[in-house]
Amino acid sequence: LGLQREVDSHLRGYISSKSVNKENFSDNTFSRSSSSSSLVSDEGVHEQEEPVIRNSIAAEKILQRKSLQLRNRQQHWQESPEGQKMVEFRRSLPAYKARDALLNSISQNQVMVVSGETGCGKTTQLPQYILESEIEAARGAACSIICTQPRRISAMSVAERVAAERGENLGESVGYKVRLEGMKGRDTRLLFCTTGILLRRLLVDRNLKGITHVIVDEIHERGMNEDFLLIVLKELLPRRPELRLILMSATLNAELFSSYFGGAPMIHIPGFTHPVRSQFLENILEMTGYRLNPYNQIDNYGQEKKWKMEKQAIRKRKSQIASAVEDALEAADFREYSPRTRESLSCWNPDSIGFNLIEHVLCHIIKKERPGAVLVFMTGWDDINSLKDQLQGHPLLGDPSKVLLLACHGSMASSEQRLIFDKPEDGVRKIVLATNMAETSITINDVVFVVDCGKAKETSYDALNNTPCLLPSWISKASARQRRGRAGRVQPGECYHLYPRCVYDAFADYQLPELLRTPLQSLCLQIKSLQLGSISDFLSRALQPPEPLSVQNAIEYLMIIGALDENENLTVLGRNLSMLPVEPKLGKMLLLGAIFNCLDPLMTVVAGLSVRDPFLMPFDKKDLAESAKAQFSARDYSDHLALVRAYDGWKDAERRQSGYEYCWRNFLSAQTLKAIDSLRKQFFFLLMDTGLVDNNTEMCNAWSHDEHLIRAIICAGLFPGICSVVNKEKSISLKTMEDGQVLLYSNSVNAQEPKIPYPWLVFNDKVKVNSVFLRDSTAVSDSVLLLFGGKISRGGLDGHLKMLGGYLEFFMKPSLADTYLRLKNELEELIQMK
Ligand code: CDP
Ligand code: MG
């Protein structure tokens with residue numbers, strides 16, 4: 001009880017002492033964010049209130065003077081030799097022809113939708129046209145333009161580009177702001193930021209006071225944050241009649257957005273790209289004589305098993321697209337192709353991205369094709385890394401000094417970014433491995449060849465089983481067209497699609513919006529913290545509202561973990577969770593780790609769960625790898641604690657300069673451990689912002705050695721992910737309330753144990769294949785479950801008991817339920833006595 005009080009008073013104290021202007025949006029880019037050095041200089045994190053300038057004549061004068069200064073500076077730059085060159089370049093972009101029409105429409109309408117091919121100048125030019133026209137009208141200092149980007153890397157790179165086009169340094173009239181990083185000065189009039197940043201600003205400034213133009217970019221991607229922002233903005237517009245809203249999209253489905261905003265005018269910028277020839281798999285095989293066999297399509301060496309499971313999971317989901325693809329393949333007729341190609345096609349595995357096939361196509365391009373950079377679209381960061389490792393110095397690719405192999409991802413250092421955009425030396429072939437972020441948000445000019453694996457990692461969510469999955473799935477036709485278009489920027493190009501034409505024909509036209517395919521827990525928390533009323537009502541006003549069942553599941557989950565009370569109001573815990581950019585269950589572990597002074601291990605656990613598993617399980621050395629992992633377990637029946645030990649060991653080894661050797665010996669991924677390391681630093685800064693921890697790291701870790709405590713906090717975070725353990729003669733029987741019998745993934749330390757001397761396991765996630773498999777688990781005792789499972793907040797005891805009572809009854813442990821009730825009565829008497 002004392003602990004509960006302590007938790008509560010900590011949280012409450014925090015709420016009252018802190019303003020709420022932190023970016024908290026669960027922006028998926030979190031795990032790919034900045035380096036630690038930039039964290040220290042997060043000058044842009046705190047909103048700088050503009051000086052209050054009211055109608056006074058003096059203020060008017062200052063504005064006028066500043067506006068004139070801006071105009072002079074702009075003219076000066078445009079007349080300089082470099083400036084003239086820049087102006088010339090900018091005039092050559094397709095957007096320039098539409099400049100007047102765009103500005104006209106903006107002045108006459110509150111909302112406008114702009115579409116145009118990637119690279120036509122929407123992102124870099126349109127915000128500048130607005131800024132310039134305001135400056136020319138000597139109103140420059142009075143305007144304030146915000147342009148949102150779905151990813152932090154595009155916000156940063158676009159801002160840098162626009163500042164260069166204006167002959168300025170970043171932070172003068174143009175700036176950017178992304179989580180934990182920013183370059184923004186007092187006179188910044190055009191700000192590029194992530195969608196999350198604007199949402200956070202709405203938290204403290206519901207009317208966007210002082211903002212004159214909001215530009216929401218890349219709306220065709222239909223990210224959750226963007227769809228969310230549109231609902232909020234739609235409701236804001238009548239309150240701010242002079243505010244202008246511009247929506248920008250790379251594809252032509254502008255009607256949808258226009259009609260959402262009551263028939264807002266649409267302007268399309270006709271683009272210019274060179275023709276790109278599409279080669280589908282059958283042509284590639286025919287042209288190169290490559291022979292596919294089932295073996296050479298195993299992707300990530302050693303991941304075959306995982307693939308098999310995921311393959312079945314895809315089938316199980318019976319996603320419309322997956323079955324349409326299968327049907328199309330069955331009906332396909334490849335009679336006009338050679339027997340060799342036909343045989344190859346019959347071996348083609350649609351569930352594999354086909355590393356060897358990619359390697360082969362790259363080799364073909366290097367040997368046979370004209371100069372030009374190659375852009376390879378992969379599904380995700382893991383694949384990019386594995387493929388990069390596989391390709392590095394590969395003899396098939398010829399002289400390694402003639403190949404510049406680059407990975408394009410969100411946490412790239414600026415120097416690395418520049419390499420991606422720059423033209424390499426003559427004779428050097430630039431190969432960029434990227435995710436679908438290279439589809440529209442960044443433009444690499446010298447790309448002539450595109451290799452498209454046809455997939456993207458997409459979160460999907462099965463509301464019926466309440467299980468989220470992150471699986472590579474087929475992209476849409478719109479995405480495939482975008483990918484192909486990237487090859488025609490400077491000259492006619494070539495696109496290699498690593499799937500047959502008939503599969504392309506079976507793709508959906510557009511991708512399902514994120515709002516309809518992901519769990520909504522974090523979003524619901526944000527709706528509440530923004531005080532937007534009833535969650536269901538709010539979401540029903542979305543462009544395409546999510547299923548009521550998904551919404552209900554999310555609300556129920558938040559109630560179970562104690563983030564919302566029975567009346568759907570944000571609790572103290574909920575408010576704190578809404579400020580952390582991780583899933584609520586992980587946020588809860590961080591908060592409790594801070595409160596209970598055992599922060600270090602919990603930051604490792606949470607970072608590990610939000611990045612990926614650092615334990616490698618190579619296919620041919622599985623036994624060795626499993627026993628290496630088991631060494632970290634020290635018979636404490638916890639994958640999470642094993643991770644903590646592995647990480648701590650690595651840190652020690654790093655200090656002794658032997659980190660790589662340590663990883664090699666223990667089957668650990670150094671790259672993943674590094675990612676965990678950098679994420680931990682970010683967590684620490686975020687928690688410092690909440691006021692729950694201070695610089696005194698010794699204090700925050702006073703209890704870090706106490707494994708019981710850590711176990712308890714893991715339980716508090718992962719509840720209601722619990723299963724009961726019954727040790728049988730030769731096996732262990734595991735059961736969850738929703739699924740009945742479940743199994744453990746073979747790489748769990750608990751899967752190696754003949755017995756688990758604890759009555760419960762808490763787990764991070766489960767995947768349904770033929771049976772339900774639990775991924776990472778930690779064994780916990782009755783008392784830990786009783787005290788930490790469920791809500792920890794004042795007044796939560798009752799609900800907590802009720803809910804646990806249900807679980808205990810279900811698992812037929814009524815005696816425990818009795819103990820609990822007795823405990824409860826005693827506690828209540830105690831409280832009354834006090
Ligand atoms: O937003 P949209 O895709 O329509 O195009 P943009 O990002 O405004 O880029 C317009 C042009 O600016 C591109 O075609 C590139 O030639 C150039 N650009 C660049 O050189 N460097 C950048 N970092 C961004 C754009
Ligand atoms: Mg753009």
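This is a predicted model, so every value here is computed, not measured.

Conventions we followed
Residues numbered from 1 in each chain as written. Chains lettered and ligands numbered in written order. Predicted model: local features only at pLDDT ≥ 70, side-chain atom pairs only at ≥ 80, totals over all residues. Helix = DSSP H or I, 4+ residues; strand = E, 2+ residues; numbered from the N terminus. Buried ≥ 20, exposed ≤ 12 C-beta atoms within 10 Å, placed from the backbone. Contact = placed C-beta atoms within 7 Å. Near = placed C-beta within 6 Å. Nonpolar A, V, L, I, M, F, W, Y, C, P; charged D, E, K, R; others polar. Pairing = 2+ DSSP bridges. Axes fitted to C-alpha atoms, helices over the stretch in contact; angles between N-to-C directions. Left-handed = near helix turned anticlockwise from the far one by under 90°. Expected span 1.5 Å × (residues − 1). Parallel < 35°, antiparallel > 145°, perpendicular 65-115°, else oblique. pLDDT = per-residue confidence, 0-100.

## Side note on the overall build of the protein chain
No. 1: Helices and strands together make up the secondary structure of the protein chain, namely 36 helices and 23 strands.
No. 2: Considering the protein chain as a whole, with its 834 residues, one finds that 47% of them fall into the buried category.
No. 3: Nonlocal contacts in the protein chain, meaning residues at least 24 apart in sequence, comprise 76% of its contacts between residues at least 6 apart.

## Here's the deal with the site of ligand 1
No. 1: In the vicinity of ligand 1 there are 14 residues, among which G119, K122, T123, T124 and R161 approach most closely.
No. 2: Looking at side-chain class alone, the shell around ligand 1 contains two nonpolar, 10 polar and two charged residues.

## Notes on the environment of F421
No. 1: Locating F421 in the fold gives a position in helix α18 (residues 414-421).
No. 2: Note on F421: 14 C-beta atoms within 10 Å, which makes it partly exposed.

## What about the sheet that holds strand β20 (residues 760-763)?
Pairing between the strands of a sheet is mediated by backbone hydrogen bonds and can be parallel or antiparallel.
No. 1: The strand order β21-β22-β19-β18-β17-β20-β23 describes an open sheet built from seven strands, whose pairing is mixed. In this open sheet, the two strands that pair with only one neighbour each are β21 (766-768) and β23 (777-780). Neighbour-to-neighbour, the strand axes of this sheet turn through a mean angle of 35 degrees, independent of strand direction.
No. 2: Of the pairings in the sheet, the one linking strand β19 (residues 740-744) to strand β22 (residues 772-774) comprises three bridges and is parallel in character. The residue bridging L743 from the neighbouring strand is F773, located in β22.

## Quick look at the packing of helix α3 (residues 57-79) against helix α7 (residues 122-136)
No. 1: Running from N to C, α3 and α7 cross one another at 115 degrees; their axes reach a closest spacing of 9 Å. Classified by chirality, the crossing of α7 by α3 is left-handed. Residues L70, R71 and Q74 of α3 lie in contact with α7, whose contacting residues are E132, I135 and E136.
No. 2: Along the lines of polarity and charge, the residues of the contact of α3 with α7 split into two nonpolar, one polar and three charged.

## Let's talk about the sheet that holds strand β6 (residues 213-216)
No. 1: Pairing is mixed across the open sheet formed by eight strands, whose spatial order is β4-β3-β5-β2-β6-β7-β1-β8. If you trace the sheet from one side to the other, it starts and ends with β4 (181-183) and β8 (266-269), each paired once. Going from strand to strand, the sheet's axes swing by 20 degrees on average, the running direction of each strand aside.
No. 2: Relative to strand β5 (residues 190-194), strand β2 (residues 145-149) runs parallel, the two sharing five bridges. In the sheet register, I145 faces β5, and the bridge partner there is L190.
No. 3: Seen against the sheet, helix α9 (residues 195-204) touches β2, β3 (174-178) and β5 and runs at an angle of roughly 100 degrees to β5.

## Here we look at helix α16 (residues 355-368)
No. 1: Counted at 1.5 Å a residue, the expected span for α16 with its 14 residues is 20 Å, and the 20 Å between its end C-alpha atoms agrees.
No. 2: When we look at burial in α16, the residues that qualify are F355, L357, I358, H360, V361, L362 and I365.
No. 3: Buried-residue contacts for α16 involve α12 (281-288), β10 (373-377), α17 (381-391), β12 (429-434), β13 (447-452) and β16 (493-497).

## Quick word on the packing of helix α27 (residues 599-610) against helix α29 (residues 639-655)
No. 1: Two numbers describe how α27 lies on α29: the axes approach to 9 Å, and their chain directions differ by 105 degrees. Of the possible angle classes, the one that applies to α27 and α29 is roughly perpendicular. Contacts from P601, T604, V605 and G608 of α27 reach α29 at H640, L643, V644 and Y647.
No. 2: Its residues assigned to classes, the contact of α27 with α29 comprises five nonpolar, three polar and no charged.

## A short note on the environment of C408
No. 1: Counting through the fold element by element, C408 comes out in strand β11 (residues 403-408).
No. 2: Distance in space between the C-alpha atoms of C408 and A646 is 28 Å, their sequence separation being 238 residues.
No. 3: Once residues lying within four places of it in the same chain are set aside, the contact partners of C408 are I420, V432, L433, A434 and A438.

## What to know about unusual backbone geometry
Keep in mind that most residues, glycine aside, have a negative phi and that most peptide bonds are trans.
No. 1: Following F719, the chain continues into P720 via a peptide bond in cis, with omega recorded as 5 degrees.
No. 2: Its location among the elements puts P720 in the loop between α33 (707-718) and β17 (722-727).
No. 3: A positive phi angle is found at Q657, which is not glycine, with a value near 65 degrees.
No. 4: By secondary structure assignment, the location of Q657 is in the loop between α29 and α30 (659-666).
No. 5: According to the C-beta neighbour criterion, Q657 is exposed, with 8 such atoms within 10 Å.

## Let's talk about the pairing of strand β18 (residues 732-736)
No. 1: Two strands pair when backbone bridges link them, and β17 and β18 are joined in this way by four bridges, in the antiparallel orientation. By the bridge assignment, V726 is partnered in β18 with S733.
No. 2: Across three bridges, β18 lies against β19 in antiparallel orientation. Across the sheet, L734 pairs through a bridge with V742, a residue of β19.

## Description of the confidence of the model for the protein chain
No. 1: For the protein chain, the average pLDDT comes to 82, and 82% of its residues sit at 70 or higher.
No. 2: Confidence, read as mean pLDDT per element, is least for helix α2 (residues 36-40) in the protein chain (26) and greatest for β6 (98).
No. 3: Between residues 13-53, whose pLDDT stays under 50, and residues either more than four places distant or in other chains, the model counts 82 contacts.
No. 4: On the interface metric, ipTM, the complex scores 0.99, and its pTM is 0.75.

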